[in-house]
Amino acid sequence: MTLYFTREHEWISVEDGVATVGITDYAQAQLGDIVFVEVPPAGTAVEKGKEAAVVESVKAASDVYAPVSGTVAEANGALEADPSLVNTAPEGEGWFFRLTLADPAELDGLLDEAAYKAFVAGL
Amino acid sequence: MSDPTDSEAEAEPQTLPLDAWHRAAGARMVPFAGYLMPIQYEGMGILAEHLWTRASAGLFDVSHMGQLLVSGGQAADALESLLPGDIAGLREGRMRYSLLLAETGGILDDLMVTRRSDGFYVVVNGATKADDIAHIHEHLPEDVTLNHMDEQALLALQGPKAVDALARLVPGVASLTFMTAGAFAIDGVPAWISRSGYTGEDGFEISIPAEAAEQVAALLAAQPEVKPIGLGARDSLRLEAGLPLYGHDLDDATTPVSADLGFALSRRRREQGGFPGHARIMAEIADGPLLKRVGLIVDGRQPVREGAMVVDAEGSEVGRVTSGGFSPSLQRPIAMAYVPLAVAVPDGAVTVMQRGRLFAATVSPMPFVPHNYVRKGAPA
């Protein structure tokens, strides 16, 4: 499994050609209590850098961007019943959606874990 | 206040007397109304802070608000020329919610007025205080003095256990009832304390000299019932309580009738007039306003926020959401909106458009969560 990050605080893990996308622990801490998540249904085509999901904290709505282009294979239905999973397990059970990658080469432009940690440390 | 982080503070924000104290308590500070203010505290978060206040007692720093003293001469008459409330009839130690009105009848600010032995103590919104002071000053006769008490800090202790915590430190304070106030001392510090607030809960607002703010805040926060609570929860608490926030649910294009604040128009003043916008306001009372502020319960789980449009069947904008969010107590989205009079009735059906999506909502009586005030004569 390989883990990538964006400067917009999404993570993407790739295993056997399937990519799982969520928001980072840093992002959930910044947002605070999450009360609603809108994830794209299976079959939705998402485009790298474009809005793919919406996460609502008590205070505000934020867009979540697709780190890479692809087609949504599965949305995390558990978030509908318990959006706070994004707070408690942002890089685990609080994942947003799974993607079939359109162009695996797009992954090359993303940050690795060390680079993302360095990026966040500088914020 | 839908998102305190988006307030347009042009100048460098000022720091409050309790700035260092908030940071030591783990606050995340954001610019609001020209000040850096705590939005939430580490280890709690807005939901937990909100629910703590509803169950126990929350300590809020509201020192950004303006504390004014209007005194001398015909101070009551002077205030009545600017406000629609019965100020002359206020007895000492009694307070009233009122509105600073423009000549058009639009609302310049909402405020609290208390009669004290030394004059009328007025608390105004932080974001509007400079304009309020200029406006009031301009309209006061020469023998009436306006003093901006900017050397005073203001704390709010709110929640069902606020009285337990405060009465331990301030003997006699429990004898205050809702909307009454008096002079007390806390830990030797002179304090002007009112039984009032902005959360819908029982509670107190405590005015103290700024140099004693840390001492008093620390003493209050050391009580087992009390935790410091940020602006984020203050906003969700006041929304559940159905209390409008100036700059969001009220502005100078809104009249008291449209804002559904008719209770702030005292009967004697409605009949006698003599306040700005009287003719227009009386006409609106008679004919009904075009739009009226109501509460909305929104279907589903997704909040609608300030700025969302209320639309008709053709999708045309007919009103707007002025505050909206997720209610921690009710676990569902709620909002305040201005809607056409025809649907401004209980269970009126409303459609809201946000970011191109439609949401069904129902007009709900406010407060969304019942008030918990300690009124005179009510059983304890």
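Scroll up for the structure.
Residues numbered from 1 in each chain as written. Chains lettered and ligands numbered in written order. Predicted model: local features only at pLDDT ≥ 70, side-chain atom pairs only at ≥ 80, totals over all residues. Heavy atoms only, no water.

Caption draft 1: Region of interest: the overall build of chain A. What chain A contains, in helices and strands, is 4 helices and 9 strands. Taken from N to C terminus, the helices and strands of chain A fall in the order β-β-β-α-β-β-β-β-β-α-α-β-α. For 123 residues, the compact-globule estimate of 2.2 N^0.38 gives 14 Å, and the C-alpha radius of gyration of chain A, at 13 Å, lies within 12% of that figure. Overall size of chain A, expressed as C-alpha extent along the three principal axes, is 35 × 35 × 25 Å. (Helix = DSSP H or I, 4+ residues; strand = E, 2+ residues; numbered from the N terminus. Rg over C-alpha atoms; globule rule 2.2 N^0.38 Å.)

Caption draft 2: Highlighting the overall build of chain B. When helices and strands are tallied, chain B shows 9 helices and 20 strands. Against the 2.2 N^0.38 benchmark of 21 Å for 380 residues, chain B shows a C-alpha radius of gyration of 20 Å, consistent with a compact globule. Each of the three principal axes of chain B carries a C-alpha extent, and together these read 65 × 50 × 50 Å. Across the 380 residues in chain B, those meeting the buried criterion constitute 59%. Of the roughly 15,100 Å² of accessible surface on chain B, a fraction of 52% belongs to carbon and sulfur atoms. Of the charged side chains in chain B, 30 are positive and 47 negative; the average position of the first set lies 8 Å away from that of the second. (Buried < 20%, exposed > 50% of the residue type's maximum accessible area, 1.4 Å probe, protein only. Areas by Shrake-Rupley, 256 points an atom, 1.4 Å probe, with all protein chains shown as cover. Lys, Arg positive; Asp, Glu negative; His and termini not counted. Charge placed at Lys NZ, Arg CZ, Asp CG, Glu CD.)

Caption draft 3: Spatial organisation of the interface of chain A and chain B. Tallying the contact residues gives 14 residues for chain A and 19 residues for chain B. A combined buried area of about 1,400 Å² lies between chain A and chain B, and 48% of that area is made up of carbon and sulfur atoms. Per-residue buried area on chain A facing chain B is highest for V35, V58 and K59 of chain A; these three make up 43% of the total on that side. Our count for the chain A to chain B interface comes out at 4 salt bridges. Measuring nitrogen to oxygen at the nearest pair gives 3.3 Å for the salt bridge that ties E56 of chain A to R355 of chain B. At the junction of chain A and chain B, the tally comes to 13 residue pairs in polar contact (both at pLDDT 80 or more). Secondary-structure elements contributing two or more residues to the side of chain A that touches chain B are α1 (25-31), β4 (34-38) and β6 (51-57) of chain A. Of the residues contributing to the side of chain A that touches chain B, the split by class is 8 nonpolar, 2 polar and 4 charged. (Contact = heavy atoms within 4.5 Å. Buried area = accessible area lost by both parts, 1.4 Å probe. Salt bridge = Lys/Arg side-chain N within 4 Å of Asp/Glu carboxyl O. Polar contact = N/O pair within 3.5 Å; in protein donor to acceptor, adjacent residues only side chain to side chain. Nonpolar A, V, L, I, M, F, W, Y, C, P; charged D, E, K, R; others polar.)

Caption draft 4: A look at the nonpolar core. Ranked by internal contacts, the top residues of the largest apolar core, which has 43 residues, are Y97, L99, I107, Y121, L250 and L261 of chain B. If you list the elements that add at least two residues to this core, you get β4 of chain A together with α2 (46-55), β6 (95-101), β7 (107-116), β8 (119-124), β10 (152-158) and α7 (231-240) of chain B. With 4 residues, β6 of chain B is the largest single contributor of residues to this core. Here L99 of chain B is in contact with L82, L83, P84, I107, D109, D110, L111, P256, L261 and A264 of chain B, once residues within four sequence places are set aside. (Core = buried A, V, L, I, M, F, W, Y, C linked by side-chain atoms within 4.5 Å.)

Caption draft 5: Focus on the sheet that holds strand β3 (residues 35-41) of chain B. All names here are of chain B. Ordered in space as β1-β3-β2, the 3 strands form an open sheet in which the pairing is mixed. The sheet terminates laterally at β1 (14-15) and β2 (27-32), the two strands that pair on one side only. Summarising the sheet, β2 and β3 pair through 6 bridges and their orientation is antiparallel. Bridge pairing in β3 places F32 opposite Y35. (Pairing = 2+ DSSP bridges.)

Caption draft 6: Highlighting the pattern of salt bridges. Counted under the stated rule, the structure contains 20 salt bridges over all chains. The shortest N-O distance in the salt bridge between E240 of chain B and R54 of chain B comes to 2.9 Å. Of this pair, E240 of chain B sits in helix α7 while R54 of chain B sits in helix α2, and the two are 186 residues apart along the sequence. Taking relative accessible area as the criterion, E240 of chain B reaches 0% and is therefore assigned buried. Look at the salt bridges and you will find they share partners, linking K59 of chain A together with D235, R238 and D249 of chain B into a network.

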